[in-house]
Every structure is written in C-alpha cells, then in structure tokens.
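# Summary of structural features
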Amino acid sequence: MSEQQTPERNGVQPEEQPPERNGVETEQQTSEGASTSSGRAEAESEALEKAKARIAQLEDGWRRAAAELDNFRKRCAKDLVRAREQERVRTAAGWLPVVDNLERALEHASSDPDQIIDGVRAVHQQALSVLDGLGFPRRDDTGMAFDPALHEAVGTVADKELVPGTVAQVLRPGYGRDDEILRPAAVVVATRSANRSD
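What this report covers is the structure whose coordinates are included nearby. (Residues numbered from 1 in each chain as written. Predicted model: local features only at pLDDT ≥ 70, side-chain atom pairs only at ≥ 80, totals over all residues. Heavy atoms only, no water.)

Where strands meet in a sheet, backbone hydrogen bonds hold them as pairs that are either parallel or antiparallel. Reading across the sheet, the three strands line up as β1-β5-β2 and stay open at both edges, with mixed pairing between neighbours. The two strands at the open ends of the sheet, each matched to only one other strand, are β1 (151-158) and β2 (167-172). Mean inter-strand twist for the sheet, computed between neighbouring axes without regard to direction, equals 30°. Inspection of the sheet shows β1 paired to strand β5 (residues 185-191) by seven bridges, in the parallel sense. When the sheet's bridge partners are listed, His 151 is paired in β5 with Ala 185. (Pairing = 2+ DSSP bridges. Helix = DSSP H or I, 4+ residues; strand = E, 2+ residues; numbered from the N terminus. Axes fitted to C-alpha atoms, helices over the stretch in contact; angles between N-to-C directions.)

For the rest of this paragraph, the subject is the pattern of salt bridges. Summed over all chains, the structure comprises 11 salt bridges. Between Lys 50 and Glu 46 there is a salt bridge, with its nearest N and O atoms 3.7 Å apart. One end of the pair is Lys 50 and the other is Glu 46, both in helix α1 (residues 22-107) and four residues apart, which spans about a single turn. Residue Glu 46 is classed as partly exposed on the basis of its relative accessible area of 49%. For Lys 74, the salt bridge is made with Asp 70, and the minimal N-O distance between the two is 3.3 Å. Within this pair, Lys 74 and its partner Asp 70 are both found in helix α1, separated by four residues, close to a single helical turn. The class of Lys 74 is partly exposed, set by a relative accessible area of 48%. (Salt bridge = Lys/Arg side-chain N within 4 Å of Asp/Glu carboxyl O. Buried < 20%, exposed > 50% of the residue type's maximum accessible area, 1.4 Å probe, protein only.)

By themselves these figures say nothing about function.
See the structure below:
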C-alpha cells in the first residue's frame, strides 16, 4: 500500500483536531478578560472618588453660602436697628427748637398777653414746619370730595349751598400726603338737603 489511508470507522471521517495552541489562547483570553474587568473596576473607582470629591466641594460651597446668608441677615437686622435709631434722633432733634420756644413763651407768661399769643402762633407755625419736613404736611380738606382713606366722618350737615359728598367742615386737621397719611382729618360731610328738589 503506497497511499496512506486515513482510518475510517463505519464510513465516518475522523474530526480534525484543532491546533494545540487552543489552551494558550484560552489563557490569553482569560487574562485579557481579567485585565479588562480590572481596568473597568479601576475606572469606576476613580469615577466614584471624583464624584465624592465633587460632592464634598458642593457641600462646602453650600455651607459657605448658608453662612454668608446668615451673616448678611444679621448685618441687615443691625442696619435696620441703626437706621431706626438715627431716624428717631433726627425726628427728636427737629422738635427741640419747638420745645425751646415754648419754654421761652412760658418764661414770659406774666408779660404782655399779645406778645405771648404772637409767640405761641410762631411756635405753632414752627411745629407745622417740622411736620412738613418729616413728610407730613397739614392738610386743608375743606370743599374736597369725601375720601374714607383721607377723612374720618364724624358728622353730616344738610346744606343746599354745598355739594353733597364733600367736606363741609374740618373739625380736626389731617396730616400727610395722599399716598401716606399720618392722621386722617375728622370732618363733617355735606349731604342732600331734605327739602331740595331734583
């Protein structure tokens, strides 16, 4: 027999054997898989550390912002107290000349009554000027339309000469501007006359 025949069993060709390096490849694949998963674990660990550092940074920033806000709130409260105190001092200082002039008038109470009256009138005008300087001028509301935001009605009068719904008489003057009233005026309001025919 010159030809080498491959053994056949029951007419079936034997399977070809894979090369012997299969075992080496498997070891390489395993080591590659291990290095890949180890690289992935390192990357995840690094990402986790970065996230923790970022969280710590944000928490620090939040704490600083909260502390600054608290300090700002305290500073504003102190500024408000200081501003109120300064306003009280300014208001009181504005009234000191009025008090001084009233004391002078009392010192001369036994002298000429006409001079006393003139002095009291001057002090009265000075007091009105102080109120005006504080932003609360005396109001002259006679003849104006009645406004419950500016006037306090204490009575009514029926008079055919007056326009109904207007201020007929001011019993106690009001102080302030239309947008900021210190005290509303106490007024008598005109109404329709009972015998008036329309």
